[in-house]
Amino acid sequence: MAIMLQSSSFLNSYNSVPSTSCCSCRRGLIRANINIPNNQTFKISLPRLQSRARSLQEQEFISVLSTSSSPIEKQFSPSKRIDPLVIEKLYAIKEAIADRVEMHRNIGEQRSQWNNMLLTSINGITLAAATMVGVAASSGDPILGLKMSSTLMYLAATAMLVTMNQIQPSQLAEEQRNATRLFQDLHNQIETTLSMGHPSAIDVKAAMDKVLALDKAYPLPLLGVMLEKFPSTVEPAVWWPQQRRRQPKRATDNGNDWNGWNGKLEEEMKEIMGVLGKKDQEEYIRLGEKALKLNKFLAISGPLLTGLAAVGSALAGPSTHGSWAAMLGIVGGALASVVNTVEHGGQVGMVFEMYRSNAGFFQYMQESIESNLTETEMDRRENGEVFEMKLALKLGRSLSDLRDLAASSSCKAEDLDEFASKLF
């Protein structure tokens, strides 16, 4: 501004000068223009203009934000601001879950190795004892050392079999594998909650309840809290907390008050829930009962045979009575090895736990469907379209296949031969 004022005053004075001095004035004007440094002009004037323009832009932006209800204002409003404490708690639970995943994985591998090593050791001891009895009975005068050694080995095998059958290492390993998978699934759910944003204290409470329910369903210690390996009745495994009423969701902009639900979808979910209870869950409970009976029979037969073989090896001798005793010692040891191999080599306890866990999975799906259907307020339900897609994926079906199953169930009722799940 100062240069413009100087230039205008200079031009006025130039117009008032006579024409005879025009050339000198022009030379003076040229000299003046040359003598004025350009860098001083920008140093004095431009920073003031830039700072003034920036302040005007900031004032206009603030006034726009304060007077308009734009999406930016809605997004960063205090009512929807994320609580840092909730985020910190969810991350703490996530770290604890990751630690549990590692613990269950390591302990599951260890117990699987227990099963293999104990099976090999007990079978080796049993067959060695049977060989000693045969050698002692084949000689004219039974060797006392062989008889005593075989008897002691049979007694040791009996004690080890009783302990092994009581804890069922293969079943323990399957429990830890299930716990690892379920804890990993919960870990992924918390990651999804954090990535979607706007977690609340209710999410923290739900995550804590799920962790404690899994700890109770699949305990790590063996003494005191170990799951019963030979229950009187087969009950589905329960690893989830009690279904609580959900909190209402935030209002959406599309005006969908039904939250993805309609009458047709509700009827389909009722039909699928019936199929899960009458076909899938009942089938796996029936198979679990068969596996449990077989496991009980094998768990009793193994120690009984090794005990009889120990008695036979102790009474083996050259007499007729002693020959029958030696036969009992040899045959009893061989049969005990076969029974032990079928029970623990075939992992019958693991099969029973797998059936029990699958029955629990179908019960969990039924309770999830029921908790949504019994909720009268639609905004408290899980979105119907998302829930249907999740159900189809967990059952190994497409959406159209799931709807066809519901239609077939409504038509055939009790005569339906198809199971809901195609995964297992």
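Thresholds, definitions, all that
- Residues numbered from 1 in each chain as written.
- Predicted model: local features only at pLDDT ≥ 70, side-chain atom pairs only at ≥ 80, totals over all residues.
- Heavy atoms only, no water.
- Helix = DSSP H or I, 4+ residues; strand = E, 2+ residues; numbered from the N terminus.
- Buried < 20%, exposed > 50% of the residue type's maximum accessible area, 1.4 Å probe, protein only.
- Contact = heavy atoms within 4.5 Å.
- Expected span 1.5 Å × (residues − 1).
- Axes fitted to C-alpha atoms, helices over the stretch in contact; angles between N-to-C directions.
- Parallel < 35°, antiparallel > 145°, perpendicular 65-115°, else oblique.
- Nonpolar A, V, L, I, M, F, W, Y, C, P; charged D, E, K, R; others polar.
- Left-handed = near helix turned anticlockwise from the far one by under 90°.
- Phe/Tyr/Trp six-rings, centres within 6.5 Å; stacked < 30°, edge-to-face > 60°.
- Lys NZ or Arg CZ within 6 Å of the ring centre and 35° of its normal.
- Patch = residues over 30% accessible without salt bridge, like charges linked within 9 Å, V, L, I, M, F, W, Y side chains within 5 Å.
- Areas by Shrake-Rupley, 256 points an atom, 1.4 Å probe, with all protein chains shown as cover.
- Salt bridge = Lys/Arg side-chain N within 4 Å of Asp/Glu carboxyl O.
- Polar contact = N/O pair within 3.5 Å; in protein donor to acceptor, adjacent residues only side chain to side chain.
- pLDDT = per-residue confidence, 0-100.
- Core = buried A, V, L, I, M, F, W, Y, C linked by side-chain atoms within 4.5 Å.

Secondary structure summary: the protein contains 13 helices and zero strands in total. Start at the N end of the protein and walk to the C end: the helices and strands fall as α-α-α-α-α-α-α-α-α-α-α-α-α. By the burial criterion, 36% of the 424 residues in the protein qualify as buried. If you take every contact in the protein between residues at least 6 apart in sequence, the share linking residues at least 24 apart comes to 82%.

The end-to-end C-alpha separation of helix α11 (residues 348-373) is 38 Å, in line with the 38 Å expected for 26 residues at 1.5 Å each. For α11, a buried count of 20 out of 26 residues is recorded, marking the element as mostly surrounded by other parts of the structure.

Right, let's talk about unusual backbone geometry for a bit. When glycine is set aside, most residues are seen to have a negative phi, and most peptide bonds are trans. The phi angle at Q168 is positive, at roughly 50 degrees, despite the residue not being glycine. Positionally, Q168 belongs in the loop between α6 (144-167) and α7 (169-196). One non-glycine residue with positive phi stands out, namely Q347, at about 50 degrees. Here Q347 is to be found in the loop between α10 (320-345) and α11. Take Q347: its relative accessible area is 23%, and that puts it in the partly exposed class.

Contact geometry for helix α9 (residues 263-315) and helix α13 (residues 399-412): axes closest at 9 Å, N-to-C directions at 75 degrees. As judged from the angle between their axes, α9 and α13 are roughly perpendicular. For the pair α9 and α13, contact is made by E268, M269, E271, I272 and V275 and by L402, R403, A406, S409 and S410, respectively. Taken together, the residues of the contact of α9 with α13 break down into five nonpolar, two polar and three charged.

Between the first and last C-alpha of α6 there are 35 Å, a value that for 24 residues agrees with the 34 Å anticipated at 1.5 Å per step. What α6 keeps buried is the set K147, S150, T151, Y154, A157, T158, L161, M164, N165 and I167. Once α6 ends, the next one or two residues include Q168, with phi positive near 50 degrees.

Here we take up the packing of α9 against helix α12 (residues 384-394). One way to put it is that α9 packs onto α12 with a least axis distance of 12 Å and a crossing angle of 30 degrees. When the interaxial angle is binned, α9 and α12 end up roughly parallel. Relative to α12, α9 is oriented so that their crossing is left-handed. Across the interface between the two elements, L265, E268, M269 and I272 from α9 touch G384, F387, E388 and L391 from α12. When the residues that make up the contact of α9 with α12 are grouped by side-chain class, the tally is five nonpolar, one polar and two charged.

Turning our attention to the packing of aromatic side chains. Applying the stated criterion across every chain, the model contains ten aromatic pairs. For the ring pair W239 and W240, a centre distance of 5.1 Å and an interplane angle of 90 degrees mean the geometry is edge-to-face. Here the two residues W239 and W240 agree in accessibility, since each one is buried. Three or more aromatic residues joined by ring pairs form one cluster here, namely Y284, Y355, F361, F362 and F424. Positioned above the aromatic ring of F419 is the side chain of K279, whose terminal nitrogen or guanidinium carbon lies 5.1 Å from the ring centre. R381 extends its terminal NZ or CZ atom over the ring of W261, reaching a point 5.0 Å from the ring centre.

Turning to a nonpolar patch on the surface, a few remarks are in order. Together, W324, M327, I330, V331 and L335 make up a nonpolar patch on the protein surface, roughly 500 Å² of accessible area in all. Turning to its location among the elements, V331 is positioned in helix α10. In this structure V331 comes out as partly exposed when scored by relative accessible area, which is 39%.

What follows covers the side chain of S371. Its place among the elements puts S371 in helix α11. One polar contact links the side chain of S371 to the main-chain carbonyl oxygen of S368, over a distance of 2.8 Å.

This part covers the confidence of the model for the protein. In this model, the protein carries a mean pLDDT of 81, and residues with pLDDT of at least 70 account for 76%. A low-confidence stretch, residues 251-255 stays under pLDDT 50, and its non-local contacts, those more than four residues away or across chains, total zero contacts.

According to the stated counting rule, one finds 15 salt bridges in the structure shown. Here E353 ties to R356 by a salt bridge, and the two come within 3.1 Å at their closest N and O atoms. With E353 and R356 both in helix α11 and three residues apart, the pair spans about one turn of that helix. Taking the relative accessible area as the measure of exposure, E353 reaches 0% and is therefore buried. Between K422 and D401 there is a salt bridge, with its nearest N and O atoms 2.8 Å apart. Residue K422 is found in the segment after α13, and its partner D401 is found in helix α13; the two are separated by 21 residues along the sequence.

The next point concerns the nonpolar core. Of all hydrophobic cores here, the largest spans 49 residues; its most connected members are W239, M269 and I272. Mapped by element, the contributors of at least two residues to this core are α5 (84-138), α7, α8 (201-217), α9, α11, α12 and α13. It is α9 that contributes the most residues to this core, nine residues altogether. The contact partners of M269, leaving out residues within four places of it in the chain, are W261, I369, L373, F387, E388, L391 and L402.

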